[in-house]
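Given next are the chains, with one letter for each unit.
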Amino acid sequence: MVNGVRSYYFSRYGLAETLVTQFGARTVEDAEAAIQNRVLEEALEARARQLMGEVRVHFPDPEYPPNSKVEGTLVQDLNGAKGKQVGANGYFVRPHVLLGDGQLNGKNGFINKPLSGRKGDKIRQKQYPPSTKLSVGKATADNVKKTRLFALACTVTTLTPLKAARRTGDSDRGAVIPDLPLPELLSYLDLYLDLQPSLPGPTQATTNDDGKPFLLQNEGTFPDPPPGWTFGTLGVVAGIGSWARKNGFFDDAKPVLEALANRRVYIIDTSGTNRSETAGSHVATLAREGILRPALENAWKIQTNANEEDVQRVLRRWLLRFNPAYFRDFLSLRATYPRSFSPLFDAYFMPDYDPSLVSSARAAAQHINTQAYHAADGTGDTRRQNKQTILSSLESTLYDCGNGPELIARISVQVGRLTGADFPPDAQEFFDRTTAGKLTLEEARNLLVAYMRLRGAASDDETTESEPQTSSGGASPEQGKSEPVAEAADAESSDASSGEGSGSPTDLDDAISDLP
């Protein structure tokens, strides 16, 4: 019976959670000994019943001051009657609970019938917590029968707060369930116990303008959660990696983050929009080096005419795979990137090129960016728009070239015509390698396009753009003052559109506190 539980990622997660919390298992040997224990099913049931006290938070006052901090209480006596323990009465479901509000209440809801089936019986999948109705190789839930042990393990997964989860809509919640072998799951859950003190308390909330409580953990039940669109491998690895760097846990966290980055994870949502994804070890490296989270946090500052969802989609896909095809898709946005993307581009290019070449390409590209600003007419938004027009024209020139020497010749002439300023000496290595054919046309073009679309060296929350670079990466100071920046008009995080609250994103000075 246990083999069936271990073979399915959703039930395996609940099994591992129970082994860690009920038996104190931290090693494979401890886990195997507990699995052989005849009270395993009783332990799973006890854990599931215990977790039912973690489902809801109650805020008893009928009215709260707007925009204030409030504290609720965990609901130990759940009531599944319709219209009773609902938001209008101050009851809120915690974000880790993978059951829709309508699936909790009602005569046949989970609260009234939480643990169906008698010991030893096989039960139909429709009796499981609904979020476990995933791919089981059958046409309908009625066709699938599993053991009660299996259903209990799935119930633990559905209810445990020891998983990366967040609120994904007004009444929906999502969680990341990694498809890890049992030994790696034990390490993951052990780390998850360590990070619990860094999270907001489960009953802590802030109120909106109308005084309605909003649980702080709705933003994420893992540390330093980036914006909601990153939820999955990227967001969880970035958040846990940031926490590990700050708190000296990186030696413990490194194998866990590597496992998360290299194995399939499932993103399960009560809305039914479930998906799976895989990434690569580069994601853990980006988190370890403090590059990933600042880039995710500041992605809202990408300026482009493309739809926001398209920007997020192509960025997420490139970051997950980090390959040339998805990088080309990302560059096709013709966007301006926040400065926190500079180390991200470095991390992408450095494995394939000498650092000196990347630095040289960056110097050439940032010179192009700076001269485009100085050549743009007007002031304020008009000047910035004219600068973007110039950059787009230069970018089109790059794509029109047939070889490396032509690319260097044409871009040198056209940029020189803008202000008369020469390219800095640091750009010479990039020029030489491109004209000598040591870089392909596509390689040279990608290097230029990526770095020429970066804002200047000033931090993203400051009011300058295209600030001339030092000798390690761009134009000399005497070539002109930097451009004032008007950030995107909507300074709210991407979560705002999902009804999860709003607010200005974290300033880059805070976001880059992880950087070496």
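A brief structural summary. (Residues numbered from 1 in each chain as written. Predicted model: local features only at pLDDT ≥ 70, side-chain atom pairs only at ≥ 80, totals over all residues. Heavy atoms only, no water.)

## Considerations on the packing of aromatic side chains
Alright, step 1. Considering all chains together, one arrives at 31 aromatic pairs under this definition.
Alright, step 2. An angle of 55° between the planes, with centres 5.6 Å apart, marks the rings of Tyr-188 and Tyr-192 as tilted. Taken together, the positions of Tyr-188 and Tyr-192, both in helix α7 (residues 182-195) and four residues apart, correspond to about one turn of that helix.
Alright, step 3. When its relative accessible area of 1% is taken as the criterion, Tyr-188 is described as buried.
Alright, step 4. With a centroid separation of 4.8 Å and an interplanar angle of 20°, the aromatic rings of Trp-243 and Phe-249 are classed as stacked.
Alright, step 5. An aromatic cluster is built from Trp-318, Phe-322, Phe-327, Phe-330, Tyr-337, Phe-341, Phe-345, Tyr-348, Phe-349, Tyr-353 and Tyr-451, whose rings are joined through pairwise contacts.
Alright, step 6. A cation sits over an aromatic face here: Lys-146 above Phe-150, 4.9 Å from the ring centre. (Phe/Tyr/Trp six-rings, centres within 6.5 Å; stacked < 30°, edge-to-face > 60°. Helix = DSSP H or I, 4+ residues; strand = E, 2+ residues; numbered from the N terminus. Buried < 20%, exposed > 50% of the residue type's maximum accessible area, 1.4 Å probe, protein only. Lys NZ or Arg CZ within 6 Å of the ring centre and 35° of its normal.)

## Observations regarding unusual backbone geometry
Alright, step 1. Here Phe-322, not a glycine, exhibits a phi torsion of approximately 55°, which is positive.
Alright, step 2. Relative to the helices and strands, Phe-322 resides in the loop between α12 (308-321) and α13 (324-331).
Alright, step 3. Judged by relative accessible area, Phe-322 falls into the buried class, the value being 16%.
Alright, step 4. Although it is not a glycine, Arg-334 adopts a positive phi angle of roughly 50°.
Alright, step 5. Looking at the secondary structure, you find Arg-334 in the loop between α13 and α14 (342-349).

## Here's the deal with helix α18 (residues 428-435)
The periodicity of an α-helix, 3.6 residues per turn, causes residues three or four places apart in sequence to face the same way.
Alright, step 1. Three or more residues of α18 are buried, namely Phe-430, Phe-431 and Thr-434. Along α18, the residues classed as buried sweep out an arc of 100° about the axis, all on the same side.
Alright, step 2. Contacts from the buried residues of α18 go to α15 (355-375), α17 (404-419) and α19 (441-452).
Alright, step 3. Looking at the residues trailing α18, positive phi occurs at Gly-437, about 80°. (Arc of directions from axis to C-beta. Contact = heavy atoms within 4.5 Å.)

## Things to note about the sheet that holds strand β10 (residues 213-215)
Alright, step 1. A sheet is described by the order of its strands in space; here three strands give the open sequence β2-β9-β10, paired in antiparallel fashion. Pairing within the sheet leaves two strands with one partner each, and these edge strands are β2 (69-71) and β10. Pairs of neighbouring strands in the sheet enclose a mean axial angle of 40°, with direction left out of account.
Alright, step 2. Both strand β9 (residues 204-207) and β10 contribute to a ladder of three bridges, which runs antiparallel. Counterpart to Thr-207 in the pairing with β10 is Pro-213. (Pairing = 2+ DSSP bridges. Axes fitted to C-alpha atoms, helices over the stretch in contact; angles between N-to-C directions.)

## Examining the side chain of Arg-455
Alright, step 1. Locating Arg-455 in the fold gives a position in the loop between α19 and β13 (464-465).
Alright, step 2. Assessed through its relative accessible area of 2%, Arg-455 is described here as buried.
Alright, step 3. Looking at Arg-455, its side chain comes within polar contact range of the main-chain oxygen of Lys-301, at 2.6 Å. (Polar contact = N/O pair within 3.5 Å; in protein donor to acceptor, adjacent residues only side chain to side chain.)

## Some thoughts on the sheet that holds strand β4 (residues 91-93)
Alright, step 1. Spatially, the three strands line up as an open sheet ordered β3-β1-β4, and their pairing is antiparallel. Since the sheet does not close on itself, it has two edges, and those belong to β3 (73-74) and β4, each with one partner.
Alright, step 2. Of the strand pairs in this sheet, strand β1 (residues 56-58) and β3 are connected by two bridges, and their pairing is antiparallel. Note that in β3 the partner of Val-57 across the bridge is Leu-74.

## Considering helix α10 (residues 281-288)
Alright, step 1. Residues His-282, Val-283, Ala-284, Leu-286 and Ala-287 constitute the buried set of α10.
Alright, step 2. The positive-phi residue at the C-terminal boundary of α10 is Gly-290, with phi of around 70°.

## Some remarks on the pattern of salt bridges
Alright, step 1. For the structure shown, the criterion picks out 24 salt bridges.
Alright, step 2. The shortest N-O distance in the salt bridge between Arg-288 and Glu-258 comes to 3.9 Å. Of the two residues, Arg-288 is situated in helix α10 and Glu-258 in helix α9 (residues 250-262); the sequence distance between them amounts to 30 residues.
Alright, step 3. Here Glu-258 falls in the partly exposed class, since its relative accessible area comes to 22%.
Alright, step 4. Close ionic contact of Glu-395 with Arg-334 constitutes a salt bridge, the shortest N to O distance being 3.3 Å. A residue pair is termed long-range when its members are at least 10 positions apart, and Glu-395 in helix α16 (residues 380-400) and Arg-334 in the loop between α13 and α14 qualify at 61 residues.
Alright, step 5. According to the relative accessible area criterion, Arg-334 is partly exposed, its value standing at 33%.
Alright, step 6. Ionic contacts of the salt-bridge type, sharing partners, join the residues Glu-41, Glu-45, Arg-49 and Arg-148 into one network. (Salt bridge = Lys/Arg side-chain N within 4 Å of Asp/Glu carboxyl O.)

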